[in-house]
Protein chains: 4
Amino acid sequence: MIIVLGIRTDLALEARELYKEREIPGVSIREEGEEGIKITRVKILDERGEKAMGKPVGDYITIEAPGLLERDLDLEERVAKVLANIISELAQLKKDSHVLVVGLGNWNVTPDALGPRVVSNIVVTRHLKEYAPLQFGDEIRSVSAFSPGVLGITGIETAEILKGVVDRVKPDLVITIDALASRRLERLSTTIQISNTGISPGSGVGNRRLSITSESLGVPVIAIGVPTVVDAVTIAHDTIEYLVKELSEQTSKESVFYKVLENMNKQEKYSLIEEVLSPYVQNLVVTPKEIDLLIKNIALVISRGINLALQPGLTEKEMNQLLH
Amino acid sequence: MIIVLGIRTDLALEARELYKEREIPGVSIREEGEEGIKITRVKILDERGEKAMGKPVGDYITIEAPGLLERDLDLEERVAKVLANIISELAQLKKDSHVLVVGLGNWNVTPDALGPRVVSNIVVTRHLKEYAPLQFGDEIRSVSAFSPGVLGITGIETAEILKGVVDRVKPDLVITIDALASRRLERLSTTIQISNTGISPGSGVGNRRLSITSESLGVPVIAIGVPTVVDAVTIAHDTIEYLVKELSEQTSKESVFYKVLENMNKQEKYSLIEEVLSPYVQNLVVTPKEIDLLIKNIALVISRGINLALQPGLTEKEMNQLLH
Amino acid sequence: MIIVLGIRTDLALEARELYKEREIPGVSIREEGEEGIKITRVKILDERGEKAMGKPVGDYITIEAPGLLERDLDLEERVAKVLANIISELAQLKKDSHVLVVGLGNWNVTPDALGPRVVSNIVVTRHLKEYAPLQFGDEIRSVSAFSPGVLGITGIETAEILKGVVDRVKPDLVITIDALASRRLERLSTTIQISNTGISPGSGVGNRRLSITSESLGVPVIAIGVPTVVDAVTIAHDTIEYLVKELSEQTSKESVFYKVLENMNKQEKYSLIEEVLSPYVQNLVVTPKEIDLLIKNIALVISRGINLALQPGLTEKEMNQLLH
Amino acid sequence: MIIVLGIRTDLALEARELYKEREIPGVSIREEGEEGIKITRVKILDERGEKAMGKPVGDYITIEAPGLLERDLDLEERVAKVLANIISELAQLKKDSHVLVVGLGNWNVTPDALGPRVVSNIVVTRHLKEYAPLQFGDEIRSVSAFSPGVLGITGIETAEILKGVVDRVKPDLVITIDALASRRLERLSTTIQISNTGISPGSGVGNRRLSITSESLGVPVIAIGVPTVVDAVTIAHDTIEYLVKELSEQTSKESVFYKVLENMNKQEKYSLIEEVLSPYVQNLVVTPKEIDLLIKNIALVISRGINLALQPGLTEKEMNQLLH
């Protein structure tokens, strides 16, 4: 997670944007896309990149599709396919690999419920291969899926439950899905980040406390995230920035006025924000009113993408039947 | 609904606060309370009061109980009793009065789902009195309840559906419950407004389009509302206000700087807010993350208060059995 | 509703089956179909037919598609289209007709929640045509939709709420959707009955008390129903029938034994059933464990069929966008 | 699980009833109770008892309270306290014991959702003791809780997930809650069985496949179960039994008739049942229509009982606040 002036973002893309003007050492960036879909591949190559971006070495691929707000089924299917290709590329699965899909987040909190919602639409097959190997043969990949809940619900760290299950079930790959915080309203439920570095402490809508990574779990981890909230702190902060910029432009750089604005330090800004958002401060989120619906839709796109990536041998019809 | 600088509030209490310094002509205000509960009675007496407050002549009673955030069952019960007393006072029911309880709002949108949630915990008796008059005798008041949905779900104005049902069922009193917008975060799900003036167009989280009043329905209406969101516009606006105030204090009233700030007009402020909240602007709400839970709790308090007011002849046990 | 030996069926098809051997006076029957779908058109022509079938004069069309249990998307789409055609045929809509879709049943009772579930997937347009007539022009038909709840929830007869809304909104056609009781387990969520006679008292899973018909509402009514339960009484009764038949075959028609079985009258059978099902008797239903899922699927098929029938001018994409 | 003539029961009480007439070797039975509550303590002492009862050595305590169907809050509280006492007695907890509460069953299948529903009302404290040990001191017992889902949802055996989590979290006691199958309709959601023997394969509404016992998990297990369904097979079977008994009484024991009935063997009966319940047979359950509500209520009673047993040091108010 990146925190700049108390503002959280879980997207590498947004960390990059803060450096917009110049090239970042230790980071390679490549953009591509198709109609209505922009794909940005951020590769953090070494320690310099880690330091600059505040995220570990690895691949961070972002799919942006603003049209997803408009329930365009064709676009949804194309985004799902792009997602499927990126997962396949990062995962490098073998035919007999077993994949565990994990829905992070709190199912009782609408904007944090993305992960559990995705899990409920995953084609789960591990038990079929185990109990009816003849009927469900080679064309099916072994997939299991579960949602571990959150600390406040279970009393157990998400990472601990996950570690317990992984040690027992021994998958070859873990795919996590999590709701993220973004800096930008236009990204809410229209942007998907896929990375092969796992999840850092403090990230996500629910602020996970422990890492969920290849190191901690002992198997490769692909983390899929979608921004579903902007912290209210971000809105307040941006308002200040815009206002200061606006005011600055109306006066000369030599004036006392300009200097006061220039000298407003982080602490002063934060105090101001704290006052505005009292008594809640850090716990407030900004969402569109129709957030329940937006999350439902993007969850379907993501589960579709995962299913396509993991079950290339299944026809449309077979997939639907297995989804019951 | 009150809109000041594009900022909505549905609470008469907050309209009053904008006039804090001086007495308001045509408005009487009385405060009372008990431990942890503050009751403010705003009475708009005449046209002067209507104009000053932006609300029609009538009673607006507000219960504030910040402790409701902490799941204090004892406080919840006391708030329910205070609410019951206020309803009884405004309603002046006879023994054989029939009351229709109406849950306004969209059950698919968490912060707008308050009304339907309250309705699902109302002790409904009209059919029992009709079909089993001997078993359910005089000690039960005839109560019916329903949630008409919202325009976007039904294609029909809420007020139209309600009018159709009222014309058919002919209750002696309608009690509506609705989620409101507030100016202040600390009021979210801790403040209850009860009024005998019905609901004006544009108010509520869902921005109802038509009036629901004694005039429109032909029977008395008591409207119960609870703030469940603050518009994001409000947060942005307050940030500007705080910042401008802060900056003003750091400079002399004669400086150019001060004058620039003083002269920032409403339009400039609004343009700024628009830029910050793009692409959503008016449709964004600020809520605590745990909004799902907060709404569940306050809905229980309100349904309890209504049940106590409408069924004084029932024991605790009878009430629970009827609630199944 | 047909009750034979205390066994309920809401399907004209099953009423017919009780007369399987011979032609029924005043009733015409026609069968057709396509792969995996059987369509039976029962037409009750006159009073003789009414008496024989226990249902009023009119059309009763049944779609049977046992394959629906297997989540075959292709079959689901074909069933939706067959349903759309039958609705169009019975409805005879004009371009500017306004249709009100009504989901009957109790959303809190899984097997009775079919109607409300269908309503939540109807393309609702009445408000769009009214508030944005230029944007949503002639290619859209005006459709509104709501779920009135049930007597136990609202205290108001479903038929009364519906009458109030119809009088106010004045649609040209009402389409109701209701969960039914069947005699046969294999029909559960695989059979759809469409009729132009409305709904009789006592029918449905929830045993509606009042008629919902063209006469009562003052506009044409198309009633769509799907069996979602078999009464436990039916299972007990069928067990007796099978056993008696079995025993009868093992003995000669002259024996005392045979005569005892032959003479077991309805009352004796019913007493036996009562004893088996005590303490619940009439309130028990038999369902597959996965009933929640089955209802979800068939609800999608039916809402799809209604949308296709009512909005022939919309493309797939437009329909999805309007469904948000 | 006990299967007699293809009829399942998960209750030791019902296994006992099949032996009603005589004393059972290796089994001690004690009855007690208070107003409206009957407690039966079945102790299986040795191998003879195991064989007779089809269940392992251990304690099986059953609480029967038919009045629970009537939403009597006073009775609910008394049943919760009886349950709390039985749990305390079986658990023998120390002050610093950590208890893991596990909700078995499928949250998507109404009658199987009991366990997950109970878990959602457990006072979870493990994280509070760990992260805020000073604030939440000795008066709180460390409790964690989760619902592992079922094989069909996760692709992983419930017992495997549970074993993984237990190995990681190392509780001192596991309490499971599960929905059971009963032979008797009057037991549905009015009877609670508590045992210290864990869960055998094949039991429960969801037919768990693997054992969940002290041996398999390595820590003591208390299993709480409530009947929520009767298999449809049971209803059909009972109908046959009643009918055969009825017919037998009408004829002399010497008649051919009587002998035919006497000689109807299990296979014949089962074939008959199969024919009646085709095409579903084993997968059909009988429930009251209001099952959704019944499960909600009994889940509250059980979570209340567990909370009282595990948190004797908390006041009512503290417990509610922790439950948020």
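Residues numbered from 1 in each chain as written. Chains lettered and ligands numbered in written order. Predicted model: local features only at pLDDT ≥ 70, side-chain atom pairs only at ≥ 80, totals over all residues. Heavy atoms only, no water.

Naming follows UniProt, where chain A appears as Germination protease of Caldanaerobacter subterraneus subsp. tengcongensis. In the Function part of its UniProt record, chain A is described as follows: "Initiates the rapid degradation of small, acid-soluble proteins during spore germination." What the UniProt record of chain A gives under Subunit is the line "Homotetramer." (UniProt positions renumbered as here; feature names shortened; annotations may be inferred.)

A. Local environment of the overall build of chain A. The secondary structure content of chain A amounts to 13 helices and eleven strands. For chain A, buried positions account for 61% of its 324 residues. Put simply, of all contacts in chain A between residues at least 6 apart along the chain, 72% involve residues at least 24 apart. Surface exposure of chain A reaches about 12800 Å², of which carbon and sulfur atoms provide 49%. (Helix = DSSP H or I, 4+ residues; strand = E, 2+ residues; numbered from the N terminus. Buried < 20%, exposed > 50% of the residue type's maximum accessible area, 1.4 Å probe, protein only. Contact = heavy atoms within 4.5 Å. Areas by Shrake-Rupley, 256 points an atom, 1.4 Å probe, with all protein chains shown as cover.)

B. Inspection of the packing of helix 9 (residues 232–249) of chain A against helix 9 (residues 232–249) of chain B at higher detail. Two numbers describe how helix 9 of chain A lies on helix 9 of chain B: the axes approach to 9 Å, and their chain directions differ by 50 degrees. Comparing their axes, helix 9 of chain B and helix 9 of chain A come out oblique. As for the relative orientation of helix 9 of chain A and helix 9 of chain B, their crossing is right-handed in sense. Contact with helix 9 of chain A, carried on its side by Ala236(A), Thr239(A), Ile240(A), Leu243(A), Val244(A) and Leu247(A), involves Ala236(B), Thr239(B), Ile240(B), Leu243(B), Val244(B) and Leu247(B) of helix 9 of chain B and no other residues of that element. (Axes fitted to C-alpha atoms, helices over the stretch in contact; angles between N-to-C directions. Parallel < 35°, antiparallel > 145°, perpendicular 65-115°, else oblique. Left-handed = near helix turned anticlockwise from the far one by under 90°.)

C. Inspection of the side chain of Ser97(A) at higher detail. Residue and element names in this part refer to chain A. Take Ser97: it is sitting in the loop between helix 3 (73–91) and strand 6 (98–103). Among the residues examined, Ser97 registers a relative accessible area of 7% and is labelled buried. Among the polar contacts listed, one links the side chain of Ser97 to the backbone nitrogen of Lys94, at a separation of 2.9 Å. For Ser97, the residues in contact, after removing those within four places along its chain, are Arg141, Ser142 and Asp172. (Polar contact = N/O pair within 3.5 Å; in protein donor to acceptor, adjacent residues only side chain to side chain.)

D. How the structure looks around helix 3 of chain A. Residues and elements named next belong to chain A. Under the 1.5 Å per step criterion, the end-to-end length of helix 3 is 26 Å for 19 residues, consistent within 8% with the ideal 27 Å. Within helix 3, burial applies to Leu75, Glu76, Val79, Ala80, Val82, Leu83, Ala84, Ile86, Ile87, Leu90 and Ala91. Capping the start of helix 3, Asp72 holds a side-chain oxygen 3.0 Å from the backbone nitrogen of Asp74, two or three residues further along. Positive phi shows up at Gln92, right after helix 3, with a value of about 50 degrees. (Expected span 1.5 Å × (residues − 1).)

E. View of the interface of chain C and chain B. Across the boundary between the two partners, chain C contributes 25 residues, which contact 25 residues of chain B. Applying the counting criterion to the chain C and chain B interface returns two salt bridges. Glu160(C) is the partner of Arg126(B) in a salt bridge, and the nearest nitrogen-oxygen pair spans 3.4 Å. Between chain C and chain B we count eight residue pairs in polar contact (both at pLDDT 80 or more) in total. Per element, the largest residue contribution to the side of chain C that touches chain B is eight residues, and it comes from helix 7 (residues 158–169) of chain C. Each residue belonging to the side of chain C that touches chain B can be placed in one class, and the counts come to eleven nonpolar, seven polar and seven charged. (Salt bridge = Lys/Arg side-chain N within 4 Å of Asp/Glu carboxyl O. Nonpolar A, V, L, I, M, F, W, Y, C, P; charged D, E, K, R; others polar.)

F. Up close: the interface of chain B and chain A. Counting from both sides, the interface comprises 42 residues of chain B and, opposite them, 42 residues of chain A. Summed over the shared surface of chain B and chain A, the number is zero salt bridges. If you list the elements that add at least two residues to the side of chain B that touches chain A, you get helix 9, helix 10 (256–263), helix 11 (266–277), strand 11 (284–288) and helix 12 (291–310) of chain B. Counting residues per element, the side of chain B that touches chain A draws most heavily on helix 9 of chain B, at eleven residues. Per-class residue counts for the side of chain B that touches chain A are 27 nonpolar, eight polar and seven charged.

G. Broad picture of unusual backbone geometry. The phi angle at Gln92(B) is positive, at roughly 50 degrees, despite the residue not being glycine. By secondary structure assignment, the location of Gln92(B) is in the loop between helix 3 (73–91) and strand 6 (98–103). Gln92(B) sits in the exposed class, given a relative accessible area of 62%. We note that Lys170(D) has phi near 50 degrees; this positive angle belongs to a residue other than glycine. Relative to the assigned elements, Lys170(D) resides in the loop between helix 7 (158–169) and strand 8 (173–182).

H. Looking closely at the relation of the copies chain B and chain A. Superposing chain B onto chain A takes a rotation of 180 degrees combined with a translation of 0.0 Å along the rotation axis, leaving an RMSD of 0.0 Å. Such a combination of turn and shift is consistent with a two-fold rotation axis. When C-alpha distances to the rotation axis are compared across chain B, the minimum falls at Val286(B), with a value of 2.3 Å. The overlap is high: 100% of the interface residues of chain B also sit at the interface in chain A, so the same surface is used on both sides. (Least-squares fit on C-alpha atoms with pLDDT ≥ 70 in both.)

I. Up close: the packing of helix 11 (residues 266–277) of chain A against helix 9 of chain B. Packing of helix 11 of chain A against helix 9 of chain B brings their axes to within 9 Å, and their N-to-C directions diverge by 130 degrees. If you check the angle between helix 11 of chain A and helix 9 of chain B, you find them oblique. Here helix 11 of chain A and helix 9 of chain B pass one another in a crossing that is right-handed. In this structure, helix 11 of chain A uses Leu272(A), Glu275(A), Val276(A) and Leu277(A) to contact helix 9 of chain B, whose residues at the interface are Ile235(B), Asp238(B), Thr239(B), Tyr242(B), Leu243(B) and Glu246(B). Here the residues of the contact of helix 11 of chain A with helix 9 of chain B are counted per class, giving six nonpolar, one polar and three charged.

J. Quick peek at the relation of the copies chain C and chain B. Taken as rigid bodies, chain C and chain B are interconverted by a rotation of 180 degrees and an axial shift of 0.0 Å, the fit giving an RMSD of 0.1 Å. Interface residue correspondence from chain C to chain B reaches 100%, placing this contact among same-surface, isologous pairings.

K. Examining the environment of Ile295(B) more closely. Residues and elements named next belong to chain B. If you trace the backbone, Ile295 turns up in helix 12. In this structure, the C-alpha to C-alpha distance between Ile295 and Lys81, residues 214 residues apart in sequence, is 19 Å. Discounting chain neighbours no more than four positions away, the residues touching Ile295 are Thr110, Pro111, Leu114, Arg117 and Thr228.

L. Focus on the pattern of salt bridges. Scanning all chains against the criterion turns up 75 salt bridges over all chains. Notably, a salt bridge pairs Asp59(A) with Lys43(A), separated by 2.8 Å at the nearest N-O pair. Residue Asp59(A) is found in strand 5 (residues 58–64), and its partner Lys43(A) is found in strand 4 (residues 37–44); the two are separated by 16 residues along the sequence. Since its relative accessible area comes to 37%, Lys43(A) is described here as partly exposed. Between Asp238(D) and Arg183(D) there is a salt bridge, with its nearest N and O atoms 3.0 Å apart.

M. The arrangement of the pairing of strand 6 (residues 98–103) of chain D in detail. Residue and element names in this part refer to chain D. With respect to burial, strand 6 is a largely interior element, six of its six residues being buried. Pairing of strand 6 with strand 8, which is carried by five bridges, proceeds in the parallel orientation. Across the sheet, Val99 pairs through a bridge with Leu173, a residue of strand 8. (Pairing = 2+ DSSP bridges.)

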